Number of protein chains: 2
Amino acid sequence: MNADAIRGHLDGMLLAVLEEGPLHGYGIIEALHRRSGGTLDLPTGTVYPALRRLERAGWIDGSWSTVGGRKRRTYTLSRSGRGELARRRSEWIRFSGVVGSVLGGAT
Amino acid sequence: MNADAIRGHLDGMLLAVLEEGPLHGYGIIEALHRRSGGTLDLPTGTVYPALRRLERAGWIDGSWSTVGGRKRRTYTLSRSGRGELARRRSEWIRFSGVVGSVLGGAT
DNA sequence: AGTGATAAGTAGGCTGTCTACTCATAGGTT
DNA sequence: AACCTATGAGTAGACAGCCTACTTATCACT
């Protein structure tokens with residue numbers, strides 16, 4: 001999975017994972033790995049800054065906690081985050097339709 | 001259509017357009033516009049450097065000609081370009097499947 | 001002379017993802 | 001005791017593709 005390909009599509013995926021419930025960064029990386037059938041194995045250097053970006057945008061809320069002696073930052077999808085997720089989903093439909101039709105063969 | 005979303009997926013679309021036959025840069029931009037139902041309206045500053053990149057990679061061959069007093073650079077899909085296009089197509093299937101399944105709801 | 005379409009290109013900026021690293025705790029092995 | 005792995009979060013800097021804004025050129029039409 002190429003880095004350029006993912007670009008611009010990660011945010012939506014992060015929001016989608018958080019739609020199922022609050023989760024911390026490390027858990028989100030694992031969830032992405034699981035949900036993608038093992039294809040997505042994103043480095044922390046990609047995901048953590050992305051989560052901070054989403055937080056700054058107000059789409060997710062983060063809070064610190066300590067579990068098993070380790071500090072976690074758990075993120076929750078905000079109301080505006082839900083709106084953003086819906087927007088990203090419709091954008092994806094549009095985008096994938098366009099690329100599919102131009103590329104041919106694929107959906 | 002966001003710039004980040006397109007990133008990494010343009011090359012494949014360019015190769016796909018050239019699969020139908022040789023075409024010059026300006027014509028390729030129009031073909032993309034037409035094939036995408038008017039959605040893709042890529043600036044020359046994006047497409048021309050991309051075509052040069054594909055040419056350097058050996059996936060397309062370019063040659064100058066003059067039509068109606070105007071100079072054109074017409075590109076042809078090379079043999080290795082066909083292979084690359086096939087690779088891009090299967091990558092797209094994979095990628096869109098992963099994003100779709102993570103994003104949920106879509107495709 | 002001016003405008004718009006056709007045709008190609010370059011320079012520089014922006015930004016998201018990546019690599020490579022630091023810091024920290026817990027548990028298990030040697 | 002020393003080491004390794006997993007868990008957990010983060011930063012700095014590099015890379016690269018797409019963008020905006022610009023230049024150059026020809027032709028047709030007003």
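See the structure above.
Reading the values: rules and limits
- Residues numbered from 1 in each chain as written.
- Chains lettered and ligands numbered in written order.
- Predicted model: local features only at pLDDT ≥ 70, side-chain atom pairs only at ≥ 80, totals over all residues.
- Heavy atoms only, no water.
- Helix = DSSP H or I, 4+ residues; strand = E, 2+ residues; numbered from the N terminus.
- Expected span 1.5 Å × (residues − 1).
- Buried < 20%, exposed > 50% of the residue type's maximum accessible area, 1.4 Å probe, protein only.
- Arc of directions from axis to C-beta.
- Contact = heavy atoms within 4.5 Å.
- Least-squares fit on C-alpha atoms with pLDDT ≥ 70 in both.
- Phe/Tyr/Trp six-rings, centres within 6.5 Å; stacked < 30°, edge-to-face > 60°.
- Near = heavy atom within 4 Å.
- Polar contact = N/O pair within 3.5 Å; in protein donor to acceptor, adjacent residues only side chain to side chain.
- Nonpolar A, V, L, I, M, F, W, Y, C, P; charged D, E, K, R; others polar.
- Pairing = 2+ DSSP bridges.
- Salt bridge = Lys/Arg side-chain N within 4 Å of Asp/Glu carboxyl O.

Caption draft 1: Seen up close, helix H4 (residues 44–56) of chain B. All names here are of chain B. Between its first and last C-alpha, H4 extends 18 Å over 13 residues, near the 18 Å set by a 1.5 Å rise per residue. Burial in H4 covers these residues: Val47, Ala50, Leu51, Leu54 and Glu55. Considered in projection along H4, the buried side chains sweep an arc of 140 degrees and stay on one side of the axis. Away from its buried face, by an angle of more than 90 degrees, H4 presents the exposed residues Gly45 and Arg56. Along its buried surface, H4 packs onto helix H2 (10–19), helix H3 (25–35), strand S2 (60–67) and strand S3 (70–77). At the C-terminal side of H4, glycine 58 shows a positive phi close to 85 degrees.

Caption draft 2: Seen up close, the relation of the copies chain A and chain B. Superposition of chain A onto chain B requires a rotation of 180 degrees combined with a translation of 0.0 Å along the rotation axis, giving an RMSD of 0.0 Å. What we have between these two chains is a two-fold relation. An overlap of 100% is found between the interface residues of chain A and their copies at the interface of chain B, pointing to a shared contact surface.

Caption draft 3: Quick peek at the packing of aromatic side chains. Counted under the stated rule, the structure contains 5 aromatic pairs over all chains. Plain terms: the ring middles of tryptophan 92 of chain A and phenylalanine 95 of chain B are 6.0 Å apart, the flat faces sit at 70 degrees to each other, and that makes the pair edge-to-face. With tryptophan 92 of chain A in helix H5 (residues 79–103) and phenylalanine 95 of chain B in helix H5 (residues 79–103), the pair connects residues from two separate chains. Judged by its relative accessible area of 3%, tryptophan 92 of chain A falls in the buried class. Since its relative accessible area comes to 3%, phenylalanine 95 of chain B is described here as buried. Three or more aromatic residues joined by ring pairs form one cluster here, namely Trp92 and Phe95 of chain A together with Trp92 and Phe95 of chain B.

Caption draft 4: Focus on the protein's contact with DNA strand C. Taken together, 28 residues form the shell around DNA strand C, and within it Arg7 and Thr46 of chain A together with Arg52, Arg72 and Arg73 of chain B come nearest. Counting only atoms of DNA strand C within 4 Å of the protein, the fraction found in sugar and phosphate groups is 60%. Contacts to DNA strand C include arginine 53 of chain A, whose side-chain N or O atom sits 3.0 Å from a phosphate oxygen. If you list the elements that add at least two residues to the surface near DNA strand C, you get helix H1 (3–6) and helix H4 (44–57) of chain A together with H3, H4 and S3 of chain B. When the residues that make up the surface near DNA strand C are grouped by side-chain class, the tally is 10 nonpolar, 9 polar and 9 charged.

Caption draft 5: Summary view of the sheet that holds S3 of chain B. Residues and elements named next belong to chain B. Taken in spatial order, the 3 strands make up an open sheet running S1-S3-S2, and their pairing is antiparallel. Of all the strands in the sheet, the pair left with one neighbour each is strand S1 (23–24) and S2. In this structure, S2 lies alongside S3, joined through 8 bridges in antiparallel fashion. Bridging from a neighbouring strand, serine 63 pairs with threonine 74 of S3.

Caption draft 6: Focus on the pattern of salt bridges. Summed over all chains, the structure comprises 18 salt bridges over all chains. The salt bridge involving aspartate 4 of chain B is made with arginine 7 of chain A; its shortest N-O contact spans 3.0 Å. Of this pair, aspartate 4 of chain B sits in helix H1 (residues 3–6) while arginine 7 of chain A sits in the loop between H1 and helix H2 (10–19), placing the two residues on different chains. Classification of aspartate 4 of chain B by relative accessible area gives partly exposed; the value is 29%. Residue classification places arginine 7 of chain A among the partly exposed positions, given a relative accessible area of 37%.

Purely geometric stuff here, so don't read any function into it on its own.
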